[in-house]
Amino acid sequence: MVTALLCLSSAIASAQAPFDFVPMPASVQYADASVSAPFILDKNVRIEGGEAFNVQYLKDHLARLFDPMGDSWAIGGRTISFVRVKSFPQEGYSLEVTPDRILISASTRTGEFYAVQTLLQMLPPQVYKRAEGPDAQLLRQWKIPCVQIVDAPRFPWRGSMLDVSRSFFSKEYILRHLDWLAYHKINKFHWHLTDDNGWRVEIKKYPKLTAVGAWRGRGEALEPAFNSGEERYGGFYTQNDIREIVAYAADRGIEIIPEVDLPGHSKALAVSYPEVVCRHDADVLSVQGELHNVLCVGREKNYAMLDDIIKEMAALFPSKYFHVGVEEVATDSWKHCAECQKLMKKLGYTDEKQLLGYFTERMEKILAKHGKTMEGWEDIVTSGGDLSRNDLVLVWHRQNVLQQAIDAGFPVVTQNCDYLYLDMKYTPAERGHTWASIIDVEKIYSFDPLQGLKLTPEQEPLVRGLQGGLWTEMMFYPPHFPEYQMFPRLCAVAEIGWTPQAQRNYRDFDNRLSRTHFERMRNMGIRFRIPAPQVDAQGNVRSPYPNMVVRYTYDGTAPTVSSPVVTGPVVTDHPEKLRFATFYGDLSSIAVEVPAARTYRKPAVRVETSLEANPHYPVASLSQYEPRRYMRTARPPKQGDYVLYTFEEPLTCQRITVQTADPVNQFYGVTQGHVEVQYADADGFERLSAFDMYNRVAFEPARPVKAVKIVIDGPCEGKAVSIQSLIIE
Ligand code: ACM
Ligand code: ZN
């Protein structure tokens, strides 16, 4: 369809079969184009029938292609006709294109809506463009080859989970995200509304949840975290915002499932109402290193409070399900608490973990009182509570855990961390977590929710589907990173969830993306991930896709849209300074270099510091130049703390990079501090720049260097700082 794009200037253009649908419909049968004339779409086509929202949605999109729309749509013989046919499945539809008519049949408004989505994918990608510029090319007509599509999804649950606690996303961003999901026929939005680092939903009865718990920063109840900075950071959704978002989603066939993560992951709740956590002084840390983030299960008043919170939220969210978290609970907190121990004795329990089962049973009852069915992470199964088999289990570990939940009789959805955690890196060189896996597009596409399972025919319907999930600790840089992590991986989630397994093929999917769907996404306003070019040791460069160019620089900086395009061999005496990046319009990949062209030096260096090191991450690491080893402090740094690297011999080099934060998660960087250098021919230190958003300072010394010093200028994020060996070229 690249050719179709180029034809636009002629103002009469055609779609070409086969269409690059994403997700691919279940059945697509093209008519023989040599005998069948195409359907001609222009402003004279009349739209008949159809649910009002769907018709308006279609018209709004067509108005981006044809001008003027207006009343002229009411005349003419050709039609787009919607009819309701009861026999279609809930989300299914058929779409038949003949020379005189596009006939859309469905049994529900959602089926109609999905037919409209499929129709949009038969149109040029400009149909997704929100604001037309002055140079917008409008069409006189668009020819659509005749085709018969009969379609319905493979799984009823095709979802996206977004953590809005670690990073906050505005109402406008959420609405855009919902648009993007709808374009991909994704029908569930799992809204992770609360966690340790921010409470994001207005609760009228407990105003401190958002007055206090929605904000972090220096001097706030919640500490700075994840590079959001010293300043007050955060936000929340008012109940009016939520009503608007829920209605917007419902119009687009999307159900929103709220999550309040309990009884762990509750630091934001705990700083707002400190009485909710166990009273003890023990250092019980959660997996993420939070103290006192577990609700006291022995405190009866907590259940009344949760009842109030759920009551307000149940009225906002029409979804049958309500997600209560239950994962990663530091149950040792209950060991040290008199009230929890009293409850244990009363219940005859011998292990604190049993209290988690008790808690889930209580939550299930509270939810039922407000008309909701419990959803929780897989931990609701392993907690040992006596639960209804209507409860929905969201499995985040591997397929064996999915099998366990199914064998226990629960309906399940998978967010398998090996495949569906969108906070993981695409490739080792890119940003992101790695603890579960590294997940490129081919790997996520290869996933089948049924893989590795042994299911009886009765068990099969228990697998409701899948969702991709974005945890948002690492989203503060680079710009648009959430979208980079989500797309195109969510396109793969959409196709896994929708398309019959036997019809899925990665090469074909990848071709559809590059020929057409990338262009659609760009018009949707998605800053999706572009793969890096392949560069070999001889400096040969290959673009990942024929319609993307590679740009380069000679000076070690990241290429920009105005850098030259690689058209032949790049000749230079300094291959170590070459940087390449793939460009698709103004979207670009990470910058890559010629492999092994840079040489790293390891001059003998002595390191002294005023910081106290954690014994597992000693100061000695800093003179070893091993990429995985680093120093971490045992306590937070304070203003005036320093790390001093003194070279045994004056060092002549091209470049020194001072990198803080750990190399694995990029947490605990120096957020307030600067670097100083002492040259061999001078006595004092010269101040260089402050640490940037990557917690890094790089400089090119013009004279031999004697020493480099990191100076802390103020408190940094978190309870430690991590410092790496100098990177010397
Ligand atoms: C999770 O990753 N905490 C479900
Ligand atoms: Zn307690």
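Note that the structure is predicted; figures quoted are calculated from it, not measured.

Draft legend 1. Local environment of the layout of surface pockets. Approximately 1,200 Å³ is the volume found for the second largest pocket. Around the second largest pocket, the lining is made up of 44 residues, and of these Gln-288, Gly-289, Glu-290, Tyr-668 and Lys-719 lie nearest the centre. Among the elements of the structure, α7 (267–272) and β28 (630–632) are those that each provide at least two residues to the lining of the second largest pocket. Residues belonging to the lining of the second largest pocket are distributed by class as follows: 21 nonpolar, 9 polar and 14 charged.

Draft legend 2. Here's a closer look at the sheet that holds strand β25 (residues 579–584). Strand order in the open sheet made by the 3 strands is β24-β25-β26, with antiparallel pairing throughout. A single partner strand is all that each edge strand has here, and the edge strands are β24 (549–553) and β26 (587–588).

Draft legend 3. Up close: the coordination of the zinc ion (ligand 2). Protein-derived coordination of the zinc ion (ligand 2) comes from Cys-278 (SG), Cys-296 (SG), Cys-337 (SG) and Cys-340 (SG), at a distance range of 2.2 to 2.4 Å. Here the zinc ion (ligand 2) is ringed by 4 donor atoms whose angles at the metal span 105 to 117°, and the overall shape comes out tetrahedral. Linear spacing of the donor residues for the zinc ion (ligand 2) on their chain is C-x17-C-x40-C-x2-C. Separated by 41 residues along the polypeptide, Cys-296 in the loop between α7 and α8 (300–316) and Cys-337 in the loop between α9 (332–335) and α10 (338–347) bring together distant segments of the chain. Residues Cys-296 and Cys-337 agree in their burial class; the two are buried.

Draft legend 4. Molecular detail of the side chain of Asp-42. Inspection of the secondary structure assignment puts Asp-42 in the loop between β3 (39–41) and β4 (46–48). Given a relative accessible area of 8%, Asp-42 falls into the buried group. Among the polar contacts listed, one links the side chain of Asp-42 to the backbone nitrogen of Asn-44, at a separation of 2.9 Å.

Draft legend 5. Highlighting α8. Between its terminal C-alpha atoms α8 stretches 25 Å, which fits the 24 Å expected from 17 residues at 1.5 Å a residue. Counting buried residues in α8 gives 12 out of 17 residues, a clear majority hidden from the surface. If you check which residues of α8 are buried, you get Asn-302, Tyr-303, Met-305, Leu-306, Asp-307, Asp-308, Ile-309, Ile-310, Glu-312, Met-313, Ala-314 and Leu-316.

Draft legend 6. Region of the structure containing the pairing of strand β9 (residues 147–151). With burial as the criterion, only one face of β9 is covered, namely that bearing Val-147, Ile-149 and Asp-151; the residues Gln-148 and Val-150 on the opposite face remain uncovered. Note that strand β2 (residues 27–30) and β9 share 4 bridges and pair antiparallel. Its bridge partner being in β9, Ser-27 is matched across the sheet by Val-150. Relative to β9, strand β6 (residues 93–97) runs antiparallel, the two being bridged by 5 bridges. What sits directly across from Val-97, in β9, is Val-147.

Draft legend 7. Quick look at empty space enclosed by the protein. With the rule as written, the count across this model stands at 2 cavities of 30 Å³ or more. Considering only enclosed or pocket space, the largest cavity measures out at about 50 Å³ in volume. Considering the residues around the largest cavity, the lining is formed by Phe-226, Asn-227, Arg-431, Glu-473, Met-474, Met-475, Phe-476, Tyr-477, Asn-665, Gln-666 and Phe-667. Classifying every residue of the lining of the largest cavity by side-chain character gives 6 nonpolar, 3 polar and 2 charged. In this structure, the second largest cavity encloses a volume near 30 Å³. Lining the second largest cavity, in full, are Glu-378, Val-381, Thr-382, Val-401, Gln-404 and Ala-405. Every element with two or more residues in the lining of the second largest cavity is listed here: α12 (379–382) and α13 (399–407).

Draft legend 8. A look at unusual backbone geometry. A cis amide bond links Tyr-477 to the next residue, Pro-478, at an omega of -15°. In this fold, Pro-478 is placed in the loop between β21 (463–470) and α16 (481–486). In this model, Phe-487 is joined to Pro-488 through a cis peptide bond whose omega is 10°. Considering the arrangement of structural elements, one finds Pro-488 in the loop between α16 and α17 (489–498). Positive phi is not limited to glycine here, since His-265 has a value of about 50°. Tracing the backbone through its elements, the reader meets His-265 in the loop between β16 (255–262) and α7. When its relative accessible area of 3% is taken as the criterion, His-265 is described as buried. For Ala-661, which is not glycine, the phi torsion reads 80° and is therefore positive.

The rules behind each value
Counting starts from 1 at the beginning of each chain's written sequence and moves along it residue by residue. Working convention: letters from A go to chains and numbers from 1 go to ligands, in the order in which they are written. This being a predicted model, a pLDDT of at least 70 is required before a residue's local features are given, and a value of 80 or more before pairs of side-chain atoms are given or counted; all residues contribute to the totals for chains, interfaces and linings. Only hydrogens and water are set aside; all other atoms, that is, all heavy atoms of the structure, feed into the side-chain values. A cavity here means a set of points on a 1 Å grid, drawn over the protein atoms and nothing else, where a 1.4 Å probe fits but cannot get out; a pocket is an open set with protein on both sides within 12 Å along at least five of seven lines, and a residue lines either one if it has an atom within 4 Å of a point. Grid points are joined across faces, edges and corners, and a volume is the space filled by probe spheres set on the points. The helix and strand labels rest on DSSP assignments: H or I over at least four residues marks a helix, E over at least two residues marks a strand, and numbering proceeds from the N terminus. All residues other than Ala, Val, Leu, Ile, Met, Phe, Trp, Tyr, Cys, Pro, Asp, Glu, Lys and Arg, Gly among them, are scored as polar; the first ten of these are nonpolar and the last four charged. Pairing between strands requires that DSSP locate at least two bridges from one strand to the other. The rule for donors is simple: N, O or S, within 2.8 Å of the metal, or within 3.2 Å if the metal is Na, K or Ca. Water isn't counted, so a site may look like it is missing partners. When four donors show all angles between 85 and 135 degrees the site is tetrahedral, when four or six donors have opposite pairs over 155 degrees and all other angles between 65 and 115 it is square planar or octahedral respectively, and in every other case it is irregular. Note on classification: 1.4 Å probe, protein chains only; a residue is buried when its accessible area is under 20% of the maximum for its type, exposed when over 50%, partly exposed between these limits. Here a polar contact is recorded for every N or O atom pair within 3.5 Å, except that within protein the pair must consist of a potential hydrogen donor and a potential acceptor, and residues adjacent in sequence are included only if both atoms are side-chain atoms. Take the residue count of a helix, subtract one, and multiply by 1.5 Å to get its expected span.

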